[in-house]
Amino acid sequence: MNVPAEFALGKPYHHNSFLINGDLTLWDGPNADVYSSIQTPNESGDLAPTHLGSVPDMDQAHALKALDAATSAFDKGKGDWPTMKVADRIACMERFVVLMKQQRAAVVKLLMWEIGKNLQDSEKEFDRTVDYIDDTINEYKSIDRDSAKFHNHGGVYAHIRRGPIGVVLCLGPYNYPLNETFALLIPAIIMGNTAIFKPAKHGVLLIAPLLKAFKESFPPGVVNIVFGRGRTVATPIMETGKVDVLALIGHSSSALSLQDLHPKKNRLRLVLGLEAKNPAIILPDADLDKTVQECISGTLSFNGQRCTALKILYVHEDIKDAFLEKFTKAVDAQKFGMPWENTLLTPLPEPNKPAYIQELIDDAKEKGAKVLNEKGGTHSTNYIFPAVLYPVTRDMRVYEEEQFGPVIPVVSFTDIDTPLDDMAASMYGQQVSLFGKNVDKLGPLIDTLSNLVCRVNLNSACQRGPDVYPFTGRKNSAVSTLSVRDALRSFSIRTFVATKDNEDNKEILRELLDTHKSNFISTDYLL
Ligand code: G3H
């Protein structure tokens, strides 16, 4: 395998520090090795998963130190960070984004090696995250400008703002280890909360080049970064009951068990992006070529390892044969390659994923489905070629489970109530893709679908972006809404100062405004 020089690995990267209370401290405990599922010759010259380096495997005591640092920085609402002027918090974030940009090449390279994301998508993940931070800063300025005023109703003056909630535990997923984690962490801290952040199991080394930027941009204790297993690190933190917001992108089972550990659940705010089983519904008059194209990117971008991926296709009987003929050919035409080759199909980061996908295929075949494409289910090292499975029935595992990988179940229907009833019965409710042209059919369908999911994509694959749009889901798929603006709302609460309208109080308000003795009471206009 030829690795282009710019993406070649040097010596393994042994990252041995963590960030607690503004100190980048050297870790002298055990480490966890980090491997890439991309195989290269090992010391004996045999092909084996590439050893990328290691990260600290931290313990409960350090997890609790990180929590203490975040709690002290919030300091029961008295901390410098939660009481700081909005403009000053924004200045910290602006400094961070400048420093972060300097690490682009290192992070992009690690994204490719650690999770197998292709170069184009790895660059996009980094750039999209930088844009997200810039947009968040602008949106926060706009929210702040809207709050820079007094209301007067019923004889009461009110100055209303959005305030922080407290301490946030932030946990991200392996498929977007930078973007999705930062899309939680950045709005959380800019609103004045303090945070403990633990990177995902895969996609962890790529956070290391950013630790210094966090240290140099934010006051001590605002962002604390620890490494280790969820069970060792996140569990004791939740058990203290000191976490005010659980911000997690991942599986609902993890979210539920973490929530259950909190002794005062009613005080825990949840910001969760969870699993989904987004269907495509293909109507008889759908444009075949465009539908095939969208279904390819929808099912197979990053090998289907996206919460927004199309995970089941419902095709109308009248178009089924024509669709499947084109679609199976298009699937088989996809190339598997290394991330720097920019193919759609790339190595799977989870070593057990090919075996899991094979189990789904075997189960479906036993229950009557066939693999329709020639290459479907072919194994290679760290990969299994996407299989198009048809006919898929409700008793099959691949119908129910979120495969999060390269396998494509297809169901045919004649009555539109089939996919609608299935969606209503499903545990998930994130998005749907609807393919067709006839507005007489589309109109009423859109009205129903919009009550079953939170985004109806018309003749388009499902996706999260653009990030200014609301990203959420019903049922097991999400709690709270994320978008540049909505995330700022999710990580804050409306709080205000009210006073009876009389001369004495007005004089106090005037004086507060003139003297700038309060950062909360301010009509300064942020440009
Ligand atoms: O894994 C879920 C991501 O939020 C999907 O984002 O649609 O931009 O790939 P995306």
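Residues numbered from 1 in each chain as written. Predicted model: local features only at pLDDT ≥ 70, side-chain atom pairs only at ≥ 80, totals over all residues. Heavy atoms only, no water.

Peer 1: Hey, could you run me through the packing of aromatic side chains in this one?
Peer 2: Two aromatic rings, taken as a pair, are described by how far apart their centres are and by the angle between their planes. Overall, the coordinates contain 13 aromatic pairs when judged by the stated rule. Summarising the aromatic geometry, the rings of phenylalanine 182 and phenylalanine 214 are spaced 5.7 Å apart at their centres and angled 65° between planes, so their arrangement reads as edge-to-face. Placement of the pair is phenylalanine 182 in helix α6 (residues 179-190) and phenylalanine 214 in helix α7 (residues 211-217), with a sequence separation of 32 residues. Each of the two residues, phenylalanine 182 as well as phenylalanine 214, counts as buried. An aromatic cluster is defined as three or more aromatic residues linked by ring pairs; in this entry it consists of Trp81, Phe96, Phe182, Phe197, Phe214 and Phe218. Taking the ring centre of phenylalanine 302 as reference, the NZ or CZ of lysine 117 above it sits at 4.9 Å. The positively charged end of arginine 161 is found above the aromatic ring belonging to phenylalanine 520, 5.9 Å away from the centroid. (Phe/Tyr/Trp six-rings, centres within 6.5 Å; stacked < 30°, edge-to-face > 60°. Helix = DSSP H or I, 4+ residues; strand = E, 2+ residues; numbered from the N terminus. Buried < 20%, exposed > 50% of the residue type's maximum accessible area, 1.4 Å probe, protein only. Lys NZ or Arg CZ within 6 Å of the ring centre and 35° of its normal.)

Peer 1: Which parts of the structure should I look at to understand the side chain of asparagine 175?
Peer 2: Along the chain, asparagine 175 turns up in the loop between β8 (167-171) and α6. Note on asparagine 175: relative accessible area 3%, which makes it buried. Polar contacts involving the side chain of asparagine 175 include one to the main-chain carbonyl oxygen of glutamine 305, which spans 3.0 Å. If sequence neighbours within four positions are ignored, asparagine 175 has contacts with Ile115, Lys117, Glu125, Glu180, Phe302, Gln305, Arg306, Cys307 and Phe404. (Polar contact = N/O pair within 3.5 Å; in protein donor to acceptor, adjacent residues only side chain to side chain. Contact = heavy atoms within 4.5 Å.)

Peer 1: What should I look at first to understand the environment of valine 107 in this one?
Peer 2: Mapping valine 107 onto the fold places it in helix α4 (residues 104-115). Separated by 101 residues in the primary sequence, valine 107 and alanine 208 have C-alpha atoms spaced 8.8 Å apart. With residues near it in sequence (within four places) discarded, valine 107 still touches Phe126, Leu178, Leu206, Pro209 and Leu210.

No statement about biological role is implied by the geometric values presented.
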